[in-house]
Every structure is written in C-alpha cells, then in structure tokens.
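# Chain and residue survey
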Amino acid sequence: MPRRAASAALPLPDLVVLVLQGGGALGAYQAGVYEALIERGIELDWVAGISIGAVNAAIIAGNPRDEAVGKLRSFWDGVSSALPALPGIDNDWVREWTHIAAAGQVATFGVPGFFTPRWPPAPFARPQTPEAVSFYDTAPLAGTLDRLVDWDRVNDGKVRLSVGAVAVETGNFRYFDTRSERLDARHILASGALPPGLPPVEIDGIWYWDGGLVSNTPLEYVVEAAKDDMLVFQVDLFPARGERPRDLEEAWSREKEIRFSSRTRRISDGLVRRRKEHRLIEKMLARLPGGARDLPEVKAVERMVDCKALNVVQLIHEPPGWQTGARDFEFSRSTMEANWALGRAAVEAAMKDGHLLAQSIAEGRSESFAVQAEQLRPKAVDLP
C-alpha cells in the first residue's frame, strides 16, 4: 500500500529517490526540481548524485527538509554572485553573446566559493601532484560545503546519500555511500573532479576523478541496490535527443549533450523492462508443479527475479535557444535563475498530468515517464 499519500501530491511507495546527473552550472535546474518536489509534500529517502549532482545531493541530505532549499539557494546565489543578472534582455542573440561572455569570465577568474585559477599555473607545479594536473583549485568548494552541510546529519540522518567517482589509476568506478561508510567534503569533491579543469581528490591513498567520465547518472546503481518498491525522480541536465546542428557552436553543444546524457532514456526503459520481464517469470514459476519448484535451477531463477515496482520520472533540462555548449560552466545570476525556474516548471508539468504516475504507483506497476517540454509522457515497454 502506498505511504504518505495524505500530504503528498502522489501516493508514495516504500522508497523515493532523487537521482542527480552531472552538469556544472546546470545544477541550478536540480535545485528548482527539489524545491518544487518539497512544496508538493514529496519527501525523499535517498539522494544519489554525480559531479554537481553530488554537491546538490550533499546539501539536501545534510540539512533538515525545511532548511535544505535555503541552503541550496545560498550555494547557487554564492557561485553566481560575481556575474549579476541582466534584466530586461529578451533577445536570444543578445542573450547568447552575454552568456558566452559570462562563461569566458568564469574560465578566466573561476567561480566564487567553488574554484579559482591556480597560481603558479600547473606547468610550474611538482609533477604527479594534483596541482600539476589541473587548471583550478577547488579548496573554496570544500569550505563552502563545510559551511552549508551538516556532515553528521549526512552520515547519521534519514536520507541516504550516494555519490559516484572513478579511480584515476585503475579506471574503476565506485560509489561512496552512507549506507556503508562515512562521507565528508572529499567524497563530494572527488565526484566532481572533472579533468583537466579540476584536480583529482585523494581518498585512502587513491586518486579519484569525476564519476561522469564513466557514467553521468546513478540510476543503475540505485535500482540495483534497492530492495523495495520505488519511485525515482531522475534529473537529466543534458537531453539525449536533439536537432541536427547548423554551425560549429551548435555542434559543440550537441556533442556535449550526447556525451553526458549517458543514454539515460535507454537505461531507464531497460530497467523497467527487466522488472516487467521478472514479473512474467514469477507468474510462470507459480504455474510449475510442486516438484519442479524444488529443482536447483528453478530455485536459482527465483533468487534472480525482482518483482518490486519501479516508477521512473525523467525530468529533462531543455536548454533555451540562447544557451550554448558553454552552458555547463556559465554561472551568471540570470542563467542560474532561468535554470532554477526550468526545474520548477518540469515538476509542475509532471504533476499536471500526474494521475498516470499516481495510478501506476497505486497499482504497483513499473513504468517509465519522460517530462520534456510540457507534458508527462509514459515511455513504458509493454509486455504480454
């Protein structure tokens, strides 16, 4: 039976998860999504993130629900404070060029409370050190996180936190998870250490880089690790689908979308399909005669079958026409506010036609939905 239905906009299953992709400055979209979910009474049990998604996830897990939005606002106001909003500009051509200029300022001077250019530059640093293999220093981000995140709440609180990173020397991907270890600012910095801009982070003698180098979404990890009926809000900062580019700038933008979207539509559809297939297998096993159910092979199949319901709502950032391939490192106040508002709008679109999702949750079915532009579109894979 769904829980917490009385106060929430949806009947909620045993486990509600927010999955946050990497995408730099686009992370303000995730903050808007979270704010809109909380306003609708949707409480989270687990937050998983990569890169900037790990930063937002840590702030969410490390604060009481009623304070987390304010702390997210403090973070995003702080990192955009050096690039003020430009009110009254509604011309896409003008917005595009101010957007590119703002990104150039970030590349030159860094982002307050996030990263600063190295001095002396990397070529003058001692070889095989973090200073020698990165253009920027992320010490400011460590200080920002320690100011905004209660690490005791992260590790001992009710909201589980998982962040992904990749080992530099082995290329092995791993998740740092409060279910099995204690996390601090190093783990968040490791998840967002995108080379060669940001430095690797050493944890237990191992250098780690941004988890987005291997996979930019934690969805598979979350589904594999969960044992309950679950609802996943998957926030994607790069759309997998797009139009044919017209020029070099659009080619740059489209290449980045393809590279970082991590095929999330295929992954979510595949996970839902597998749950439905398992349910069919369970029905087939139930029809076997008693003696057959005791066979070792049948027992092995029974252990493999996972029939818990999985509903995935994919909230996809659709960039305005003036946002270019620089949009993941353009931290101007106006762009931050625009992305935040887009995140809120995505949740509003999902809730407008949320009866489809609510019915799926209430009936214990598995479905995958996409929220792009202004509608909730089921993308479930039908099986007999």
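What counts and what doesn't
- Every residue gets a number counted from 1 within its own chain, in the order that chain's sequence is written.
- In view of the model being predicted, local features appear only for residues whose pLDDT reaches at least 70, and side-chain atom pairs are presented and counted only at 80 or more, with totals across whole chains, interfaces and linings using the full set of residues.
- Heavy atoms throughout the structure, all of them, feed into the side-chain values; hydrogens and water do not.
- Between N-to-C directions, angles cover 0 to 180 degrees, with each direction set by a line fitted to C-alpha atoms, over the stretch in contact for helices.
- Each helix is a run of DSSP H or I of at least 4 residues and each strand a run of E of at least 2, with the numbering of both proceeding from the N terminus.
- Put simply, a crossing is left-handed when the front helix is turned counterclockwise from the back one by less than a right angle, and right-handed when it is turned clockwise.
- Only heavy atoms matter for contacts: two residues are in contact if any of them lie within 4.5 Å across the pair.
- Residue type decides the class: Asp, Glu, Lys and Arg count as charged, Ala, Val, Leu, Ile, Met, Phe, Trp, Tyr, Cys and Pro as nonpolar, and the leftover types, Gly among them, as polar.
- Centres within 6.5 Å make a pair out of two Phe, Tyr or Trp rings, where for Trp the six-membered ring is used; the pair is then stacked when the planes are under 30 degrees apart, edge-to-face when over 60, and tilted otherwise.
- Only protein chains enter the accessibility calculation, which uses a 1.4 Å probe; a residue is then buried when its area is under 20% of its type maximum, exposed when over 50%, and partly exposed in between.
- A ring is considered to have a charge above it if a Lys NZ or an Arg CZ atom is located within 6 Å of its centre and within 35 degrees of its normal.
- The method works on a 1 Å grid over the protein atoms by themselves. A cavity is a set of points holding a 1.4 Å probe that cannot get out, a pocket is an open set with protein on both sides within 12 Å along at least five of seven lines, and residues with an atom within 4 Å of a point line them.
- Grid points are joined across faces, edges and corners, and a volume is the space filled by probe spheres set on the points.
- Any carboxyl oxygen of Asp or Glu that lies within 4 Å of a side-chain nitrogen of Lys or Arg is treated as forming a salt bridge with it.
- Working note: the arc is built from the helix axis to C-beta atom directions.
- In this description, a nonpolar core means a group of buried Ala, Val, Leu, Ile, Met, Phe, Trp, Tyr and Cys residues linked to one another through side-chain atoms lying within 4.5 Å.

## Thoughts on the packing of helix 1 (residues 27-39) against helix 2 (residues 52-61)
Closest axis-to-axis distance for the helix 1/helix 2 pair is 9 Å, and the angle between their directions is 35 degrees. The element helix 1 and its partner helix 2 pack so that their crossing is right-handed. From helix 1, Gly27, Gln30, Ala31 and Tyr34 reach across to helix 2, where they touch Ile52, Gly53, Asn56 and Ile60. Its residues placed into classes, the contact of helix 1 with helix 2 shows 4 nonpolar, 4 polar and no charged.

## What to know about the packing of aromatic side chains
Counted by the stated rule, this structure contains 11 aromatic pairs. Geometrically, the ring pair formed by Phe75 and Trp76 is edge-to-face, given 5.1 Å between the ring centres and 90 degrees between the ring planes. With respect to burial, Phe75 and Trp76 carry one shared label: buried. Through successive ring pairs, a cluster of aromatic residues spans Phe75, Trp76, Phe114, Phe115, Tyr136 and Phe331. The ring centre of Trp46 lies 3.9 Å from the NZ or CZ of Arg160, which sits over that ring.

## Remarks on the layout of surface pockets
The space that makes up the largest pocket amounts to roughly 750 Å³. Surrounding the largest pocket, 36 residues form its lining, Gly24, Leu194, Leu198, Asp328 and Phe329 being those nearest its centre. Elements represented by at least two residues in the lining of the largest pocket include exactly helix 2, helix 4 (92-109), helix 7 (185-191) and helix 9 (248-260). Tallying contributions element by element places helix 9 first for the lining of the largest pocket, with 3 residues.

## Some thoughts on the pattern of salt bridges
Going through the model one piece at a time under the given rule, you end up with 19 salt bridges. Arg186 is the partner of Asp184 in a salt bridge, and the nearest nitrogen-oxygen pair spans 3.0 Å. The partly exposed category is assigned to Asp184, whose relative accessible area is 25%. Note on Arg186: relative accessible area 37%, which makes it partly exposed. The partner of Asp328 in a salt bridge is Lys256, and the shortest N-O contact between them spans 3.0 Å. Residue Asp328 is located in the loop between strand 10 (310-316) and helix 13 (333-352), and its partner Lys256 is located in helix 9; the two are separated by 72 residues in the primary sequence. Overlapping salt bridges, with partners in common, bring together Glu35, Glu39, Arg344 and Glu348 in one network.

## A look at the side chain of Thr324
Inspection of the secondary structure assignment puts Thr324 in the loop between strand 10 and helix 13. You can call Thr324 buried: its relative accessible area is 1%. Residues in contact with Thr324, not counting those within four places in the same chain, are Glu96, His99, Ile100, Glu249, Trp252 and Ser253.

## Points about the environment of Gly343
If you trace the backbone, Gly343 turns up in helix 13. Sequence-wise, Gly343 and Val154 are 189 residues apart; in three dimensions their C-alpha atoms are separated by 24 Å. Not counting the four nearest positions on each side in its chain, Gly343 is found in contact with Tyr29, Gly32 and Val33.

## Things to note about helix 5 (residues 139-148)
Buried residues of helix 5: Leu141, Thr144, Leu145 and Leu148, and no others. The arc that holds the buried residues of helix 5, viewed along the axis, is 100 degrees, so those residues lie on one side. Taken together, the buried residues of helix 5 touch helix 2, helix 3 (65-79), helix 6 (151-156) and helix 7.

## Details of the nonpolar core
Counting 80 residues, the largest nonpolar core has Leu18, Phe75, Trp76, Phe233 and Leu315 as its most contacted members. In this structure, Trp76 is in contact with Gly24, Ala25, Gly27, Ala28, Ala31, Ile52, Asn56, Phe331, Met336 and Trp340, ignoring residues within four places of it in sequence. Grouped together as the second largest cluster of nonpolar side chains are 16 residues, Val17, Val19, Val222 and Val272 included.

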